[in-house]
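# Chain and residue survey
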Amino acid sequence: MANKSIAALLSLFLFAALAAACSRGPVQPEEIGLFPVDDMEGLITRTGIRIDRELSSDGNGSLLVTADGPVTVQLYETGDIHLENARLIYRARLRTEDVEGQAYLEMWCSFPEKGEFFSRALHAPLSGTNEWTTQETPFLLQKGENPDNVKMNLVVTGKGKVWIDDIRLVMAPLQ
Ligand SMILES: [Ca+2]
């Protein structure tokens, strides 16, 4: 129930942001979604994770993922959004401790009658131990490519601890 109302609120927020952007003509870089990860509300995966009140990038708690092996943590999804002919960027702050393998952001965009397609931050994955750093992965939405859902995940390909905080969805011009 709580998840549904959050999704509804988020959809409204996204719709308002996009409507405002559309009325101004060409797409300007703009935040269309903010997920401060201050609590568990709205998170999809519920195992192997907890809120860390001590360590955070925004000072208000972060999500700590403790991976015993390869795992894909499903964080949030947007439901239907109205955006095309733009670059959709999934951005977050990450911190790692003793990660074997890699940790990176993964975004799935689904399109009516076409299915789901991913974008992964494999150009800059994190391994080992790292202080807070920003990672992002873009999805290029051509004209007519208007997603009916966007999923935001965190992938860890081996053991280790990963903190994630201050998650954002940003739209920017295609070029
Ligand atoms: Ca936070």
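Summarised in this report is the structure supplied together with it.

Conventions adopted
Residues numbered from 1 in each chain as written. Predicted model: local features only at pLDDT ≥ 70, side-chain atom pairs only at ≥ 80, totals over all residues. Heavy atoms only, no water. Helix = DSSP H or I, 4+ residues; strand = E, 2+ residues; numbered from the N terminus. Buried < 20%, exposed > 50% of the residue type's maximum accessible area, 1.4 Å probe, protein only. Contact = heavy atoms within 4.5 Å. Areas by Shrake-Rupley, 256 points an atom, 1.4 Å probe, with all protein chains shown as cover. Core = buried A, V, L, I, M, F, W, Y, C linked by side-chain atoms within 4.5 Å. Donors = N, O, S within 2.8 Å, 3.2 Å for Na, K, Ca; no water. Tetrahedral: all angles 85-135°; square planar, octahedral: opposite > 155°, others 65-115°. Lys, Arg positive; Asp, Glu negative; His and termini not counted. Salt bridge = Lys/Arg side-chain N within 4 Å of Asp/Glu carboxyl O. Polar contact = N/O pair within 3.5 Å; in protein donor to acceptor, adjacent residues only side chain to side chain.

### Focus: the overall build of the protein chain
Regarding its fold elements, the protein chain presents one helix and nine strands. Listing the helices and strands of the protein chain from first to last along the sequence gives α-β-β-β-β-β-β-β-β-β. Among the 175 residues that make up the protein chain, the fraction classed as buried is 42%. By sequence separation, contacts in the protein chain at least 24 residues apart represent 76% of the contacts at least 6 residues apart. For the protein chain, the exposed surface amounts to about 8,800 Å²; the carbon and sulfur share of it is 53%.

### Section: the nonpolar core
Buried together is how nonpolar side chains tend to be arranged in soluble globular proteins. Counting 40 residues, the largest nonpolar core has L63, L75, L88, Y90, L154, I164 and I167 as the members making the most contacts within it. Every element with two or more residues in this core is listed here: β1 (30-35), β2 (49-52), β3 (62-67), β4 (71-77), β5 (86-111), β7 (126-141), β8 (149-156) and β9 (160-172). For this core, the leading source of residues is β5, giving twelve residues. For L63, the residues in contact, after removing those within four places along its chain, are V37, M40, L43, I49, R50, I51, L75, V162, W163 and I164.

### Section: the coordination of the calcium ion
The calcium ion binds to the protein through P36 (O), D38 (OD), D58 (OD), D58 (OD), G61 (O) and D165 (OD); the donor distances cover 2.3 to 2.6 Å. One way to put it: the six donor atoms around the calcium ion meet at angles of 52 to 152 degrees, and that makes the site irregular. Sequence positions of the donors to the calcium ion reduce to the motif P-x1-D-x19-D-x2-G-x103-D. Of this pair, D58 sits in the loop between β2 and β3 while D165 sits in strand β9, placing them 107 residues apart in sequence. By relative accessible area, which is 0% here, D165 ends up buried.

### Here's the deal with the side chain of D52
Mapping D52 onto the fold places it in strand β2. At 4.4 Å, R50 is the nearest oppositely charged side chain to D52, a buried residue that forms no salt bridge. A distance of 2.8 Å separates a polar atom in the side chain of D52 from a polar atom in the side chain of W163. Apart from residues no more than four positions distant in its own chain, D52 is found in contact with G61, S62, L64 and W163.

### Side note on the pattern of salt bridges
For the structure shown, the criterion picks out seven salt bridges. Note that R168 and E31 form a salt bridge whose closest N and O atoms lie 2.3 Å from each other. Of this pair, R168 sits in strand β9 while E31 sits in strand β1, and the two are 137 residues apart along the sequence. Looking at E31, the relative accessible area reads 34%, which means it is partly exposed.

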